[in-house]
Amino acid sequence: MNATTRQAYDGVVITTPVTVPYVRYSKESAHWWIASALGEALRQAGIRSRELDGFSVSSFTLAPDTAVGLVQHLGLTPRWLDHIPMGGASGVAALRRAARAVQAGDVDVVACVAGDANHVDSFRRMLSSFSRFAQDASYPYGSGGPNACFALLTDHYMRKFNATREDFGRICVAQRANALSFPHAIMKKPLSLEEYMAARPISDPIALFDCVMPVAGAEAFLVMREESARAANLPAARILATIERHNAFPDDPIQMRGGWAMDVDELYAMAALSPAEVDFVETYDDYPVICMMQFEDLGFCAKGEAPEFVRSHTLDTHGSFPHNTSGGQLSAGQAGAAGGYLGLVEGVRQVTGHALGAQVEDARTGLVSGFGMINFDRGLCSSAAIIARS
Amino acid sequence: MSLDNVTSAAGQASLSGLMMAMATGDVEVVDLTHTLDPDFPVIILPPEFGQCARFRMEEISAYDGRGPAWKWHNISCCEHTGTHFDAPIHWVSGRDLPNNAVDTIPVERLIAPVCVIDCSAGAAANDDYELSVDDILAWELKHERIPSGCWVLMRTDWSKRRGAEYLNMRDDGAHSPGPNPAAVRLLVERDILGFGTETVGTDAGQGFHFAPPNPAHFYFHGAGKYGLQCLSNVDQLPPTGAVLIAPPLKIKQGTGSPLRVMAMIPGRCATPAAAS
Amino acid sequence: MTLPLQPPPKKDPQKRTRVPVRPPAQRSRTGTYLCAFAAEGRFALQVCEACGATQYPPREACAVCLSMALTWRDVPAAGMVLADTIVRTSTVVYFRERTPWRIGTVQLSCGPSVMCHLHGDCEVGQPVRVINRLDKSGHGVLMALPQTDTAHMEDDELLRELTCDPKFRRVLITNGRSAAGQALAQALSDAGAAIVFVGEAESWRPYPGQDALRQIPNVEVLPMDVTDTDSLTELAGEIGGKVDILINTARFVRPGGAMDREDIIFARDEMEVNYLGLMRLAQSFGPAMRARGADGVNSATAWVNILSVYAFSNLPEFGSFAASNAAALSLSQCLRAEMRPGGVRVMNVFTGPTEDDWHQPLPPPKVVPSALARGVVAALRDGLEDVYLGDVAKDLIERWRASPKVLERELTEVEDM
């Protein structure tokens, strides 16, 4: 833990969790999805778009625009603007920047939005120009996307820590059960362990139900001063702690741990909590193996013991370890960068008692974790936040 | 002494008589051929199309280290370089006719009578002079109906031009004399053997503007007739009565070749022809 | 266990020929350096001059100490497989057509971890050696092979996509008149080629080895003259759809340079055969080969030019011949680009002086026909693009890379008048 203590997030809250219902394929552009989410958030908060003074956006399909093009497109005049290209870690990263800016008085209200289009060809085209290292060192090898990279990580994890496919299946099955009550989930049928095990192989050992379904959609939330939220009668969540780390453990020959492992102690110290005291966890679930890494690296069990942890806990919303309570991306779908917001938006709903689906009983604190950007062979970005009921 | 019963005695007599006549000057041979040299102009087509290669000579040896007792050259050119022969296969309209290439043309057709139509006055006054139906009919009135199987040459004295004046290229292409479509059709009706000119083509320089374009090539070759171009000394031939010898090289499926064109004419010596 | 390759069945004339598609072809500029080494079959990565760390993927600054001094070097190819996966479906059409496709994470003994193709005989947790070879888009890709050779390992499906193995393939050698052409015919026959067509120009002019050539198993001698367009058009009409590997051995060589010859006749012959002959071959045989780059076990796979290494830098004693080879070298680069959409490799095999009559007064070392033949077969098996055969060629290309101008001056030191 650093000699310098991290400053608390006093006086700043998260409000107005918004989800624009996902669709599998949509002709609409990322601009459309982002505008939908932003509009809904501002309407709920009673803020006119011309009055909004802070805007943060994440998207994979906004090109040739960035946040800059969007402000003219949407008619905004912010004094604080950010564009966060961190994929699944974007939600917490956006939160961190927006919260400090509001705290410092640089901006009054920041709308944080993530949204992506999904045309029939979007996914393939995004993958082919994802990053320089992907272009040079992984795309030429047939992966055609992150599936093969994560299959390699999963294969290694299974060999090293004796995880079985059934262990991963438990995570997926529980998330599907959680999704059944979530109105916006793309996957609407229950999933049994047998169905999980019999699924069509994608890239051994990964099969169909280990992979998220790319969709079009958007998520948003607002960050503002606590008194503004009260004045507008908006349910709000407090921020107890956040961490962020990129390209952690670069000398690990293959990824076994994420950046959280470097800063996890700081996270709980800042929140003055232990892992046992967290009421629910929203991990970034692009693949179940990464959920396991988050259980380990975020202090819920030791490295390599997540399989046993999963076997000895129930992960549905009313279980012993409520996890990905709206179904996660594995069941709700991955709307591009909005996948990095999904956990935080659901987390805010849970701690404010306004879950759209099943509600975690007496949800006072929740941990939201983000992970993203498979630059080549490993996820580079990681982030986490502990939020609490106000 | 005959070799066997079927040799024609009359034929032998004609041949012997011809040799005698050549020796005495009663029959003269006129060379209608330009010397093949690298400077002789060739037809120019639009730049997108393949072009006619110029005539080139490369010395292989000249009684020297490359060959001590001999001299010889490699030559290269197009089939249609210099004084040359056009076979029917040269044009799209003649592509499917039988015996339409230089190697398949029956060899006896390459020695034939020749009629010469003098357009030199017209050509001197007008670079684009057209050989017309009237010209042909007027010639026939004066001489004879053009017989089937003979060459018809269009005399224009164009071969006396040198340098740029020969192709006579202007901004809109070449300007040189040639037959118009009706004249060509009439000659085809007459079933001539072939048509010859002193210019670089059997068609007029602006012949691509006729309907059909390049009517001499189109109609003559379409009817299995031949062409001769870049002839010289046409002014030395009588209007009728001469014999033209024009054998092209026997190139496999060739569309033409440079060749030696010569005519046998009645001698022009001071002594009048003996009464026959 | 690699299953031995089976001879392909006769092609079904009713079935459409598979159109070649390619693996991803985009690379950064630095990433493209891998293809320069793969062209020669070298495993090279960037090494930091300041701290010695080996880098992967290719980059602009050291990932350990941020030094800009990164140099490409041949590095040890040993590694250990950490994980593997079998890709069953891909958004890339090339791989989609070829699933299941096995790739793995290999940690190299020299440091970095790489994602690479896995030979079927590689196991997770086992040591491997990694090769850098050209894929069908002409870029260098990495593949792990078992540390020691295994039975039929060249028949591995993934490896065959990176190589141009003559086994079961049909070869056309454009000129059998030379000893080199005859040695190649023997070597390709020995390498398992289904048929070796050998071109023979002017068969009315006998030459040594003419009879022996016809005795080599699977050799078929056919009339062919690279200076005669019709001859090539006719032959391509007959066998063009059956040429999987074309080896151009047609060559016209005479001593002499620019000034010391008395005419341009031999120069014209040198250009006619060495340059225009190549172009005629490209026009008559190229299109069908390019269309058949993905046509099964005996797909069209390689076009081999035998060139003089003096194409890079002129040797005045054979100055005109060298210039004609320079023209052919440039044209072969063009041909390589034109063939790439079909996934057909254009391979240049450069030699110094060959052991034959015209090079008789030159001192050794010279390349003998059997060495040339062995070198070509080995290069086909490795799927190389640039091959420098023999001591002279290897030496020359090293000097050329160090400084083309110094080499030019060294090579062109002639006797005073």
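This structure is a prediction, so every number in the text was calculated from the model and none was measured.

*Asks:* What's the story with the overall build of chain A in this structure? I'm lost.
*Replies:* Across its full length, chain A carries 14 helices and 11 strands. Taking the principal axes of its C-alpha atoms as reference, chain A extends roughly 55 × 45 × 45 Å. The 390 residues of chain A split such that 59% are buried.

*Asks:* What should I look at first to understand the overall build of chain B in this one?
*Replies:* Regarding its fold elements, chain B presents 6 helices and 15 strands. Its C-alpha atoms give chain B a radius of gyration of 20 Å, within 12% of the compact-globule value 19 Å for 276 residues. Considered along the principal axes of its C-alpha atoms, chain B spans approximately 65 × 65 × 45 Å. The 276 residues of chain B split such that 34% are buried.

*Asks:* Looking at this structure, how should I read helix α1 (residues 9-24) of chain B?
*Replies:* Given 3.6 residues to a turn, an α-helix orients residues that are three or four positions apart in the same direction. All names here are of chain B. Over its 16 residues, α1 extends 22 Å from the first C-alpha to the last, a length consistent with the 22 Å expected when each residue adds 1.5 Å. Burial of α1 is sparse: only 0 of the 16 residues sit out of reach of the surface. Note on α1: the residue one or two positions beyond its end, Gly25, has a positive phi of about 95°.

*Asks:* Please explain the interface of chain C and chain B as it appears in this structure.
*Replies:* Often, the extent of an interface is quoted as the loss of accessible area upon association of its parts. Across the boundary between the two partners, chain C contributes 4 residues, which contact 5 residues of chain B. Taken together, the residues that form the side of chain C that touches chain B break down as 2 nonpolar, no polar and 2 charged.

*Asks:* Explain the pairing of strand β15 (residues 386-389) of chain C here, please?
*Replies:* On any regular strand, side chains alternate: one points to one face of the sheet, the next to the other face. Residue and element names in this part refer to chain C. Sheet analysis places strand β14 (residues 345-351) next to β15, joined by 4 bridges and oriented parallel. In the sheet register, Phe350 faces β15, and the bridge partner there is Tyr388. With helix α9 (residues 369-382) bridging β14 and the parallel β15, this β-α-β connection has left-handed handedness.

*Asks:* Got a minute to help me understand the packing of helix α4 (residues 179-190) of chain C against α9 of chain C in this structure?
*Replies:* A pair of packed helices is captured by two measures, namely the crossing angle of their axes and the spacing between those axes. Residues and elements named next belong to chain C. Interaxial distance between α4 and α9 falls to 8 Å at its minimum, and their mutual angle equals 45°. When the axis of α4 is compared with that of α9, the two are oblique. Note on packing geometry: the crossing formed by α4 with α9 is right-handed. On α9, the residues that touch Ala179, Ala180, Ala183, Leu184, Gln186, Ala187 and Leu188 of α4 are Pro369, Ser370, Leu372, Ala373, Arg374, Val376 and Val377. Split into classes, the residues belonging to the contact of α4 with α9 amount to 11 nonpolar, 2 polar and 1 charged.

*Asks:* Before we go on, may I ask you to explain the interface of chain C and chain A in this structure?
*Replies:* With 34 residues of chain C at the contact, the number on the chain A side is 32 residues. Element by element, the count of residues in the side of chain C that touches chain A is highest for strand β4 (residues 78-87) of chain C, at 6 residues. Relative to β4 of chain C, strand β5 (residues 201-204) of chain A runs antiparallel, the two being bridged by 2 bridges. Bridge assignment links Ser203 of chain A to a residue of β4 of chain C, and that residue is Val87 of chain C.

*Asks:* For this particular structure, what's the right way to read the pairing of strand β12 (residues 245-248) of chain C?
*Replies:* All names here are of chain C. The alternating pattern of β12 places Ile245 and Ile247 and Leu246 and Asn248 on opposite faces, both of which are buried. Judged from the 3 bridges that link them, strand β9 (residues 170-173) and β12 form a sheet pairing that is parallel. From the neighbouring strand, Leu172 faces β12, where its bridge partner is Leu246. By the bridge criterion, 4 bridges tie β12 to strand β13 (residues 302-308) in an arrangement that is parallel. If you follow Ile247 over to β13, its bridge partner there is Val304. Traced from β12 through helix α7 (residues 265-291) to β13, the parallel crossover comes out right-handed.

*Asks:* Sorry, what's going on with the packing of helix α3 (residues 90-103) of chain A against helix α14 (residues 339-351) of chain A here?
*Replies:* Residues and elements named next belong to chain A. One can describe the packing of α3 onto α14 by two numbers: an axis separation of 6 Å at closest approach and a directional angle of 65°. By the angle class used here, α3 and α14 are roughly perpendicular. Across the interface between the two elements, Ser90, Gly91, Val92 and Leu95 of α3 pack against Gly340, Tyr341, Gly343 and Leu344 of α14. Split by residue class, the contact of α3 with α14 holds 4 nonpolar, 4 polar and no charged.

*Asks:* For this particular structure, what's the right way to read helix α8 (residues 319-339) of chain C?
*Replies:* Residue and element names in this part refer to chain C. Between its first and last C-alpha, α8 extends 30 Å over 21 residues, near the 30 Å set by a 1.5 Å rise per residue. Those residues of α8 lying buried are Gly319, Ser320, Phe321, Ala322, Ala323, Ser324, Asn325, Ala328, Leu329, Ser332, Leu335 and Met339. Structurally, α8 contributes buried residues whose contacts are with α7, β13 and β14.

*Asks:* Teacher, can you tell me more about the sheet that holds β12 of chain C here?
*Replies:* In sheet architecture, strand pairing relies on hydrogen bonds along the backbone and comes in two forms, parallel and antiparallel. All names here are of chain C. Pairing is parallel across the open sheet formed by 7 strands, whose spatial order is β11-β10-β9-β12-β13-β14-β15. Two strands in the sheet have a free side with no partner beyond their single neighbour: β11 (219-223) and β15. Here the strands of the sheet are splayed against their neighbours by 20° on average, with no regard to which way each runs. Pairing analysis gives 7 bridges linking β13 to β14, with the strands arranged parallel. Bridge pairing in β14 places Ile306 opposite Val349.

*Asks:* Would you explain the nonpolar core in this entry?
*Replies:* The nonpolar side chains of a soluble globular protein tend to be buried, and buried together. Leu95, Val110, Ala111 and Val223 of chain A together with Cys116 and Val130 of chain C are the most contacted members of the largest nonpolar core, which has 254 residues in total. The element best represented in this core is helix α1 (residues 30-45) of chain A, accounting for 9 residues. Residues in contact with Val110 of chain A, not counting those within four places in the same chain, are Gly54, Phe55, Ser56, Trp80, Ala98, Ala101, Val102, Leu222 and Val223 of chain A. In terms of nonpolar packing, the next biggest core, distinct from the first, is built from 48 residues, Leu187, Tyr219, Leu231 and Ala246 of chain B among them.

*Asks:* Looking at this model, I keep getting lost on the environment of Arg205 of chain C. Mind explaining?
*Replies:* Turning to its location among the elements, Arg205 of chain C is positioned in the loop between β10 (195-200) and α5 (210-215). Residue Arg205 of chain C is classed as exposed on the basis of its 9 C-beta neighbours within 10 Å.

*Asks:* How should the sheet that holds strand β12 (residues 226-229) of chain B be read in this particular structure?
*Replies:* Residue and element names in this part refer to chain B. In spatial order, the strands read β1-β15-β13-β5-β7-β11-β12-β4-β14; together these 9 strands make up an open sheet with mixed pairing. The sheet terminates laterally at β1 (27-31) and β14 (256-258), the two strands that pair on one side only. Averaged over all pairs of adjacent strands, the angle between their axes in this sheet comes to 25°, without regard to strand direction. Bridge count for β1 against strand β15 (residues 262-266) is 5 bridges, and the pairing is antiparallel. In the strand pairing of β15, Val29 is matched with Met264.

*Asks:* Just to check I follow, could you spell out the environment of Gly383 of chain C for this structure?
*Replies:* Residue and element names in this part refer to chain C. Position of Gly383 among the secondary structure elements: in the loop between α9 and β15. Note: C-alpha distance between Gly383 and Ala38 (345 residues apart in sequence) is 9.0 Å. Setting aside its immediate chain neighbours within four residues, Gly383 contacts Arg133, Leu134, Leu162, Thr163, Cys164 and Arg345.

*Asks:* Please clarify how unusual backbone geometry should be interpreted in this entry.
*Replies:* Note: most residues except glycine have negative phi, and most peptide bonds are trans. The omega torsion of the bond from Ala63 of chain A to Pro64 of chain A falls at 5°, within 30 degrees of zero and hence cis. Position of Pro64 of chain A relative to the elements: it lies in the loop between β2 (54-58) and α2 (67-74). Note that the residue after Tyr56 of chain C, namely Pro57 of chain C, is joined by a cis bond; omega there is 0°. With respect to the helices and strands, Pro57 of chain C occurs in the loop between β2 (54-55) and β3 (70-74). Of note in this structure, Asn162 of chain A is not a glycine but carries a positive phi near 55°. Mapped onto the secondary structure, Asn162 of chain A falls in the loop between α6 (146-161) and α7 (165-179). With 11 C-beta atoms packed within 10 Å, Asn162 of chain A lands in the exposed category.

Cut-offs used in this document
Residue numbers run consecutively from 1 along every chain, following the written order of its sequence. By the order in which they are written, chains take letters starting at A while ligands take numbers starting at 1. Thresholds applied to this predicted model are a pLDDT of at least 70 for local features of residues and 80 or more for the giving and counting of side-chain atom pairs; totals over whole chains, interfaces and linings are not thresholded and use all residues. Here a strand is any run of E in DSSP of at least two residues, a helix any run of H or I of at least four, and the numbering for each starts at the N terminus. Three exposure classes are used, based on other C-beta atoms lying within 10 Å of a residue's own C-beta, which is placed from the backbone: buried for 20 or more, exposed for 12 or fewer, and partly exposed in between. In this description the radius of gyration comes from C-alpha coordinates, and the expected globular size is given by 2.2 Å times residues to the power 0.38. In this analysis, the expected span of each helix is defined as 1.5 Å times one less than the number of residues it contains. Residues are treated as contacting if the C-beta atoms built from their backbones sit within 7 Å of each other. Nonpolar residues are Ala, Val, Leu, Ile, Met, Phe, Trp, Tyr, Cys and Pro. Charged residues are Asp, Glu, Lys and Arg, and all others, Gly as well, are polar. By definition, two strands form a pair when at least two bridges between them are found by DSSP. A clockwise path from the first strand over the helix to the second, with the strands pointing away from the viewer, defines a right-handed crossover. Geometry is summarised by axes, namely lines fitted to C-alpha atoms with helices restricted to the contacting stretch, and by angles between N-to-C directions that run from 0 to 180 degrees. In these notes the angle categories are as follows: under 35 degrees is roughly parallel, over 145 is roughly antiparallel, 65 to 115 is roughly perpendicular, and the rest is oblique. Crossings are sorted by hand: turned counterclockwise from the far helix by less than a right angle, the near helix makes the crossing left-handed, and turned clockwise it makes it right-handed. In this usage, the nonpolar core is the set of buried Ala, Val, Leu, Ile, Met, Phe, Trp, Tyr and Cys residues whose C-beta atoms join them within 7 Å.

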